[in-house]
Amino acid sequence: MKRSVGLGLLMAVVCPLVLAAQGVPTAPAALPVDSLLKAANAAAAANTVAINFVWTLVAGFLVMFMQAGFAMVETGFTRAKNAAHTFAMNFMVYGIAMLAYWAIGFALQAGGIGPMSTLGGFDKLNNEFALTIGGKPWGLFGHTGFFLTGVAYAAPVFTYFLFQMVFMDTAATIPTGAMAERWKFSAFAVFSIFIGAVIYPVFANWTWGGGWLSQLGVNLGLGHGHVDFAGSWGVHMTGGVIALVGAWLLGPRRGKYNADGTPNAIPGHNIPMALVGTFILCFGWFGFNPGSTLAGSDLRIGVIATNTMLAGAAGGVVAMLYMWSKFGKPDPSMMANGTLAGLVAITAPCAFVTAPSAVLIGGVAGVLVCIAVFFIDGKLRIDDPVGAISVHGVNGLWGILSVGLLADGTYGDGWNGVPGAVRGLFYGDASQLVAQLVGGLTNFVAVGAMAYGAYKVTALVVGGHRVSAEVEELGLDLPEMGALAYPDTPEVSSAVILSESAAVSFVAGRLEPEPDAV
């Protein structure tokens with residue numbers, strides 16, 4: 001008995017000492033309830049920010065992989081003799097435009113963005129160059145964060161940079177399809193610097209960086225200002241307008257048009273490659289649209305992802321049915337472009353519309369892309385080998401207009417500093433459609449003008465944009481790149497399907513030069 005009591009007393013003395021040595025209180029005093037709540041809230045907030053970081057980065061990785069899809073689509077839709085050149089443009093635009101964006105473009109786009117609420121509230125990117133008109137600020141471009149140094153050397157900024165950079169790269173790669181098969185690689189490289197450093201960033205600032213189009217709501221009462229959730233306008237229409245200007249100035253491929261202006265078909269060499277590329281783009285779009293919340297904690301990502309999927313499917317099916325009914329064949333190339341057109345169109349309204357509206361938006365895009373391809377090719381006589389202008393430019397415009405028509409008022413409270421959710425014309429706010437129209441017109445004029453200037457400057461730097469007639473006939477792979485895409489395959493894919501004799505003449509055994517169109 002005495003021994004047991006002794007052991008008990010010993011344990012009573014030793015245990016507190018051991019626990020104290022381990023830093024564990026023997027009988028902790030109860031924390032006040034408000035302190036526990038504060039600690040729990042702080043932990044929850046930290047976890048939410050961490051989730052948002054991971055979500056934004058993973059979404060950025062998905063968008064980066066879309067570059068492989070673009071490369072396969074564009075290469076499949078062009079001829080085998082130009083496959084290495086077309087693929088190389090899609091490969092190198094990633095690095096060239098990225099470095100230009102890192103050095104200059106990001107600061108112009110996001111240098112005045114203000115607090116990054118979903119990524120921890122970082123607020124040092126707060127220098128926006130703005131004009132004061134009527135006592136109200138109208139932002140034009142940011143000027144903080146060049147080379148990701150200074151206040152930009154922070155984890156939230158690096159995360160945001162990665163996500164925005166791959167968006168820029170999507171816009172930069174669109175012109176490579178419209179200008180394929182006759183564009184000098186040196187001209188492509190210099191032109192891409194302009195896109196990454198100036199054209200895309202300045203324009204993106206106007207809606208996503210606190211610029212003047214985003215302020216149409218608070219300054220003029222036009223809805224929530226110009227609204228583009230994930231880039232129908234900021235990425236796709238921008239790339240489409242650049243492609244339109246570039247293809248127009250560059251001129252058509254040799255043999256594309258007859259003497260009377262009628263077009264000839266120039267088939268792509270690998271339709272399965274283009275269709276696989278389309279699937280890759282469909283997959284990457286789940287980063288493009290849901291990722292634009294910059295918040296994995298925003299449960300609207302489920303609606304956004306499903307709307308994205310539905311619109312792409314509707315675009316592909318409707319384009320197939322349109323071609324089938326009009327020409328008697330479903331046309332795989334239009335299936336691909338119809339799907340992409342639906343995805344482009346839903347990119348702006350994906351967070352703001354219902355599922356039936358998403359299907360409607362995608363279906364309309366499927367018809368628009370078919371009509372636009374034949375109009376641009378046959379009426380405007382602008383040679384676009386892959387249909388990039390129709391897919392991205394035309395349906396980028398349709399995407400932002402659909403926000404002004406079909407946004408149903410269930411999402412977007414406080415968007416661009418305007419109270420209440422985003423509503424379109426059919427849900428009670430006609431002014432939102434006006435803001436969308438202003439944004440569309442601005443894109444066509446401003447991006448078109450910047451692209452025209454960049455094209456002319458590039459021509460001076462590299463001595464013109466277009467390869468020689470001999471190189472175009474031979475194929476750009478060996479003369480421009482020094483390597484053939486298919487060295488062991490006889491060239492059978494360079495033929496043009498003529499409606500009459502092609503406008504190609506030979507003088508003394510040499511091709512007659514065909515200068516740039518403008």
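Fair warning: this is a prediction, and the values are worked out from it, not measured in the lab. Sequence order as written defines residue numbering, which begins from 1 separately in each chain. Under the rules for a predicted model, residues below a pLDDT of 70 receive no local features and side-chain atom pairs below 80 are neither given nor counted, while totals for whole chains, interfaces and linings still include all residues. Each side-chain value is derived from all of the structure's non-hydrogen atoms; neither hydrogens nor water enter the calculation.

**Concerning the side chain of T458**
For helices the rule is a DSSP run of H or I covering at least 4 residues; for strands it is a run of E covering at least 2, with both sets numbered from the N terminus onward. Its location among the elements puts T458 in helix α13 (residues 430-462). For the exposure calls, accessible area comes from a 1.4 Å probe over protein chains only, and a residue counts as buried if that area is under 20% of its type's maximum, exposed if over 50%, partly exposed in between. Since its relative accessible area comes to 0%, T458 is described here as buried. For this analysis, residues touch if any pair of their heavy atoms sits within 4.5 Å. Each residue touching T458, except ones within four places of it in the same chain, is listed here: A187, V190, F191, F194, G463 and H465.

**Let's talk about the packing of helix α4 (residues 155-178) against helix α5 (residues 185-208)**
Angles run from 0 to 180 degrees between N-to-C directions of axes, and those axes are lines fitted to C-alpha atoms, restricted for helices to the stretch in contact. Taken N-terminus to C-terminus, the directions of α4 and α5 make an angle of 125°; their axes are 9 Å apart at the nearest point. Comparing the axis directions of α4 and α5 gives the class oblique. When the axes of α4 and α5 are compared, the crossing they make is right-handed. Taken together, the residues of α5 that come into contact with α4 (itself represented by Y160, Q164, F167, M168, A171, A172, P175 and T176) are F188, I195, G196, Y200 and W208. Here the contact of α4 with α5 is composed, by residue class, of ten nonpolar, three polar and no charged. Note on terminology: angles under 35 degrees are roughly parallel, angles over 145 are roughly antiparallel, angles of 65 to 115 are roughly perpendicular, and the others are oblique. Crossing handedness follows the turn of the near helix against the far one: under a right angle anticlockwise gives a left-handed crossing, and clockwise gives a right-handed one. Amino acid classes used here: Ala, Val, Leu, Ile, Met, Phe, Trp, Tyr, Cys and Pro are nonpolar; Asp, Glu, Lys and Arg are charged; the rest, including Gly, are polar.

**Notes on the nonpolar core**
Counting residues in each nonpolar core, the largest one holds 120 residues, and the members touching the most others are F106, V157, F167 and Y200. Here this core gets 13 residues from one element, more than from any other, and that element is α5. Those residues in contact with V157, other than ones at most four positions away along the chain, are F106, M116, F122, L125, L148, V151 and A152. Take the buried residues of types Ala, Val, Leu, Ile, Met, Phe, Trp, Tyr and Cys, join any two whose side-chain atoms come within 4.5 Å, and each joined set is a nonpolar core.

**What to know about empty space enclosed by the protein**
Within this scheme a cavity is a closed region of a 1 Å grid, computed over the protein atoms alone, that accommodates a 1.4 Å probe without allowing it to escape, whereas a pocket is open but has protein on both sides within 12 Å along at least five of seven lines; lining residues each have an atom within 4 Å of a point. Grid points are joined across faces, edges and corners, and a volume is the space filled by probe spheres set on the points. Scanning all chains against the criterion turns up one cavity of 30 Å³ or more. Taken as a whole, the largest cavity spans an internal volume of roughly 80 Å³. Lining of the largest cavity is provided by F70, V73, E74, I174, L281, N337, L340, V386, A388, V391 and H392. Listing elements by their share of the lining of the largest cavity, those giving two or more residues are α2 (33-76), α10 (332-346) and α12 (388-406). Of the residues that constitute the lining of the largest cavity, the class distribution is eight nonpolar, two polar and one charged.

**Concerning the pairing of strand β1 (residues 128-133)**
In terms of strand pairing, β1 meets strand β2 (residues 136-142) through six bridges, oriented antiparallel. Residue pairing across strands places I133 opposite K136, the latter belonging to β2. Here, any two strands with at least 2 DSSP bridges between them count as paired. The antiparallel hairpin formed by β1 and β2 contains two residues in its connecting segment, where G134 sits at a positive phi of about 65°.

**Comments concerning the side chain of T86**
The residue T86 is located in helix α3 (residues 83-110) in this model. Residue class for T86 comes out buried when judged on its relative accessible area of 0%.

**Some points on the environment of A88**
Turning to its location among the elements, A88 is positioned in helix α3. The exposure class assigned to A88 is buried, which follows from its relative accessible area of 16%. Not counting residues up to four positions away in its chain, the partners in contact with A88 are F185 and M481.

**What about helix α11 (residues 355-379)?**
What a helix is expected to span follows from its residue count: subtract one and scale by 1.5 Å. An ideal rise of 1.5 Å per residue puts 36 Å on 25 residues; α11 measures up with 35 Å between its terminal C-alpha atoms. Backbone geometry just after α11 places R381 at a positive phi near 60°.

**Examining the packing of aromatic side chains**
In summary, the pairing rule links any two rings of Phe, Tyr or Trp, Trp by its six-membered ring, whose centres are within 6.5 Å, and it sorts them by plane angle into stacked for under 30 degrees, edge-to-face for over 60 and tilted for everything else. In total, this model carries 23 aromatic pairs according to the counting rule given. Taking 6.0 Å as the distance between ring centres and 75° as the angle between the ring planes, the aromatic pair formed by Y101 and F106 counts as edge-to-face. Taken individually, Y101 and F106 each receive the classification buried, so the pair is uniform in this respect. On the numbers, 6.4 Å between centres and 65° between planes, the contact of F229 with Y411 is edge-to-face. Linking F229 in the loop between α6 (216-220) and α7 (232-250) with Y411 in the loop between α12 and α13, this pair joins segments that are 182 residues apart in sequence. For Y411, a relative accessible area of 15% translates into the label buried. Two conditions define a charge sitting above a ring: the NZ of Lys or the CZ of Arg must be within 6 Å of the ring centre, and it must be within 35 degrees of the ring normal. Over the ring of F122 we find K124; its NZ or CZ atom is 6.0 Å from the centre of that ring.

**Overview of a nonpolar patch on the surface**
Within this analysis, patches are made of residues with over 30% relative accessible area and no salt bridge. Like charges are joined at 9 Å or less; nonpolar side chains (Val, Leu, Ile, Met, Phe, Trp, Tyr) at 5 Å or less. Under the convention used here, a 1.4 Å probe and the Shrake-Rupley method define accessible areas, while residue burial counts only the protein chains that appear. A side-chain nitrogen of Lys or Arg and a carboxyl oxygen of Asp or Glu constitute a salt bridge if their distance falls within 4 Å. A surface patch of nonpolar side chains, about 450 Å² in accessible area, is lined by L99, W102, I104, F146 and F147. Within the secondary structure, I104 is located in helix α3.

**A short note on the pattern of salt bridges**
Scanning all chains against the criterion turns up seven salt bridges. Notably, a salt bridge pairs R253 with E181, separated by 2.4 Å at the nearest N-O pair. In this pair, R253 sits in the loop between α7 and α8 (271-288) while E181 sits in the loop between α4 and α5, placing the two residues 72 residues apart along the sequence. Residue class for E181 comes out buried when judged on its relative accessible area of 1%. Salt bridges sharing partners connect three or more residues here, namely R79, E181, R253 and D383.

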